[in-house]
Amino acid sequence: MSDEIVISARNLSKCYQIYGQPIDRLKQSIWRSRKKFFREFWALRDASFEIRKGETVGIVGSNGSGKSTLLQMICGILNPTAGEFHVNGRVAALLELGAGFNPEFSGRENVFMNAAIMGLSKPETESCYDDIVTFAGIGDFIEQPVKTYSSGMYVRLAFATAINVSPDILVVDEALSVGDIRFQQKCMAKIKSFCENGTVIFVSHDTGAVTELCSRAIWIEKGEIRMDGEPKSVVESYHQYMYEGDINGTDAVEPDSPLKDSPDGDNGDADTEAGFLQVSDDVRQFGNHNVTIEKVRISSGANCNGVIRSAEPCEIGLIFTARRDIASPIIGFLIKDRLGRDIIGDNTALIGQNMSRMAGGRRYRVDFRLEMWPNLCEGDYTLSIAIADGTVEDHEQCHWLYDAVAFKSTPVKVPAGLFSVLNTDVRISQTKV
Ligand SMILES: Nc1ncnc2c1ncn2[C@@H]1O[C@H](COP(=O)(O)OP(=O)(O)OP(=O)(O)O)[C@@H](O)[C@H]1O
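Residues numbered from 1 in each chain as written. Predicted model: local features only at pLDDT ≥ 70, side-chain atom pairs only at ≥ 80, totals over all residues. Heavy atoms only, no water.

- The name given to the protein chain in an unreviewed UniProt entry is ABC transporter ATP-binding protein, and the organism recorded there is Desulfonema ishimotonii.

What follows is the structure, encoded as structure tokens:
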């Protein structure tokens, strides 16, 4: 990444005019600015940021938060209502693929026309033409009018054109549908290789892809930038916001309210709690605090919270106190890798474990026993733990601890991907030729 700023936005805003009924539009055109027949809706307000050359920026946010509006302004498809905006370089938009194609023109003519719109000279387009045709893989159809193309062929050619004309900035909407699974993977591989050197802006609901692909993330909510920074923290705050939406209005007790004494008088036992780590205050966490997770442990044999070896049994344990009755507890864990990608997770509801009501004022311990720790890539991982009340579809988060424990996982054999199965038989047979 260089220091060169390729996109800069200052107080960028977009306001739509919402008309109650179609006739109001006509009235507005007659009355002009003397009377207002619409209400204003600010899809984006005061967005300020700078994007440097080589950055891969993921944009996250809930539905209708303003992500596409921002992308469309970056690509010049929409004009801002207010604010300043500068783009330094050629932008390839993978948004509405093929929107600029003329159906009567052949594929070849459309490639040249689109490339010209993106600022390429004829010799420049000629030099990348073969790459475009090879990437699109539509064979002789390239000489046919695009109105004869299937929808898949249409987007293949549009994608191939956009990505092969050496753009400086690639703008991608994840909702982009680019044909069959093989072509989608080819597109993702192309986008990933572009990410290595080019500048990419990437809108996605797949927060795992954002932490994996991006060097920076911007979270937009209700038309405003809520957070801009390192992808893992931005995604965690966004997740937290999404869950807190569920728990608004609950009469949660204060996190620091005194705990009731346990009716059993059982407030911890040094022997049974061996290896458990006290949750420290600096662990990122959220929830309504109807439950407080106090201690956590991941262990394998004699190893606690340090190194977990593949193919060995593993236990994940937590000790918590219910401050209120929890009618339908769901307890789960999530293992993430160093890029924040979710690798393994499970919870009592998915396991089918029947969980009875947990009584307020009592202290509980839950242990997950994993028969065999999977063969994960060698590296650093974290354990997140959560307790919710409700069903998988509809619940309140009581206490969620992000990355409560960090540990290393060592494989029994080097996996070719993120992990591998533990035992694979190979059978070789031969016949005479
Ligand atoms: N042409 C338009 N006229 C009026 N309102 C619009 C128009 N286009 C978008 N909006 C509104 O602006 C808001 C932001 O829309 P936008 O498409 O940018 O959201 P988004 O974050 O991309 O959503 P999603 O994740 O669902 O794709 C939404 O409330 C949407 O209804």
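### Some remarks on the site of the ligand
1) Next: As a matter of local geometry, the ligand sits amid 13 residues, with G64, K67, S68, T69 and H205 nearest to it.
2) Next: For the ligand, an oxygen atom lies 2.9 Å from a polar atom in the side chain of N63.
3) Next: One nitrogen or oxygen atom from the side chain of S68 is found 2.6 Å from an oxygen atom belonging to the ligand.
4) Next: When the free accessible area of the ligand is taken as 640 Å², the share hidden by the protein chains comes to 61%.
5) Next: Contributions of two or more residues to the shell around the ligand are made by β1 (5-19), β2 (38-52) and α2 (67-74).
6) Next: Top contributing element to the shell around the ligand by residue count: α2, with 3 residues. (Near = heavy atom within 4 Å. Polar contact = N/O pair within 3.5 Å; in protein donor to acceptor, adjacent residues only side chain to side chain. Areas by Shrake-Rupley, 256 points an atom, 1.4 Å probe, with all protein chains shown as cover. Helix = DSSP H or I, 4+ residues; strand = E, 2+ residues; numbered from the N terminus.)

### As for the pattern of salt bridges
1) Next: Applying the stated criterion to the full structure yields 23 salt bridges.
2) Next: Between E143 and R108 there is a salt bridge, and its shortest N-O distance comes to 2.9 Å. Placement of E143 in the loop between α4 (122-136) and α5 (151-164) and of R108 in helix α3 (residues 107-117) is noted, with a sequence separation of 35 residues between them.
3) Next: According to the relative accessible area criterion, R108 is partly exposed, its value standing at 33%.
4) Next: Ionic pairing is found between K295 and E273, a salt bridge with its closest N-O pair at 2.7 Å. In this pair, K295 sits in strand β12 (residues 291-300) while E273 sits in the loop between α8 (231-247) and β10 (277-278), placing the two residues 22 residues apart along the sequence. Like E273, K295 is buried.
5) Next: It is possible to trace a salt-bridge network through shared partners that takes in K232, E236, R284, K336 and D403. (Salt bridge = Lys/Arg side-chain N within 4 Å of Asp/Glu carboxyl O. Buried < 20%, exposed > 50% of the residue type's maximum accessible area, 1.4 Å probe, protein only.)

### Details of unusual backbone geometry
1) Next: Of note, the phi angle at K222 is positive, near 50 degrees, even though the residue is not glycine.
2) Next: Inspection of the secondary structure puts K222 in the loop between β8 (216-221) and β9 (224-229).
3) Next: Here N305, not a glycine, exhibits a phi torsion of approximately 60 degrees, which is positive.
4) Next: With respect to the helices and strands, the residue N305 is situated in the loop between β13 (303-304) and β14 (307-309).
5) Next: N305 gets classed as buried once you look at its relative accessible area, which sits at 13%.

### Details of the pairing of β9
1) Next: Here 5 bridges tie β8 to β9, and the two strands are oriented antiparallel to one another. Across the sheet, I218 pairs through a bridge with D228, a residue of β9.
2) Next: What sits between the antiparallel neighbours β8 and β9 is a turn of 2 residues, in which K222 has the positive phi angle 50 degrees. (Pairing = 2+ DSSP bridges.)

### Section: the environment of D325
1) Next: Mapped onto the elements of the fold, D325 is located in the loop between β15 (314-322) and β16 (329-337).
2) Next: With relative accessibility at 44%, the residue D325 sits in the partly exposed group.
3) Next: Sequence separation of D325 and F419 is 94 residues, and the distance between their C-alpha atoms is 39 Å.
4) Next: The contact partners of D325, leaving out residues within four places of it in the chain, are R357, M358, A359, G360 and D389.
5) Next: A polar side-chain atom of D325 sits 3.4 Å from a polar atom in the side chain of R357. (Contact = heavy atoms within 4.5 Å.)

### What about the packing of aromatic side chains?
1) Next: Under the definition given, this model contains 14 aromatic pairs.
2) Next: A ring pair is formed by F286 and W400, whose centres lie 5.6 Å apart and whose planes are at 20 degrees; its orientation type is stacked. Taken as a pair, F286 in strand β11 (residues 285-286) and W400 in strand β21 (residues 395-410) lie far apart in primary sequence, 114 residues in all. Here F286 matches W400 in class, with each residue buried.
3) Next: Ring centres of F333 and F368 lie 5.1 Å apart, and the angle between their planes is 65 degrees; on these two criteria the pair is classed as edge-to-face. With F333 in strand β16 and F368 in strand β18 (residues 363-370), the pair connects residues that are 35 residues apart, well separated along the chain.
4) Next: Here a set of aromatic residues connected by ring pairs shows up, and it is made of W219, Y238 and Y241. (Phe/Tyr/Trp six-rings, centres within 6.5 Å; stacked < 30°, edge-to-face > 60°.)

### Some thoughts on the sheet that holds β2
1) Next: Strand order in the open sheet formed by 3 strands is β2-β1-β4, with antiparallel pairing between adjacent strands. Of all strands in the sheet, those bounded by a partner on one side alone are β2 and β4 (82-87). Strand-to-strand twist in this sheet, taken as the mean axis angle between neighbours without regard to direction, amounts to 25 degrees.
2) Next: In the sheet, β1 pairs with β4 via 5 bridges, with the strands oriented antiparallel. Paired with R10 across the two strands is E84, which belongs to β4.
3) Next: Packing against the sheet, α2 makes contact with β1, β2 and β4, and its axis sits at approximately 120 degrees to β1. (Axes fitted to C-alpha atoms, helices over the stretch in contact; angles between N-to-C directions.)

### Some remarks on the pairing of β16
1) Next: Summarising burial for β16: 8 of the 9 residues are buried, a large majority.
2) Next: Here β16 pairs with strand β20 (residues 379-390) via 9 bridges, running antiparallel. Along β20, the bridge assignment pairs K336 with T382.
3) Next: Alignment of β16 against strand β17 (residues 342-347), held across 5 bridges, turns out to be antiparallel. Looking at β17, one finds that L334 is bridged to G345.
4) Next: The turn linking β16 back onto β17 is made up of 4 residues, and G340 within it adopts a positive phi angle of 85 degrees.

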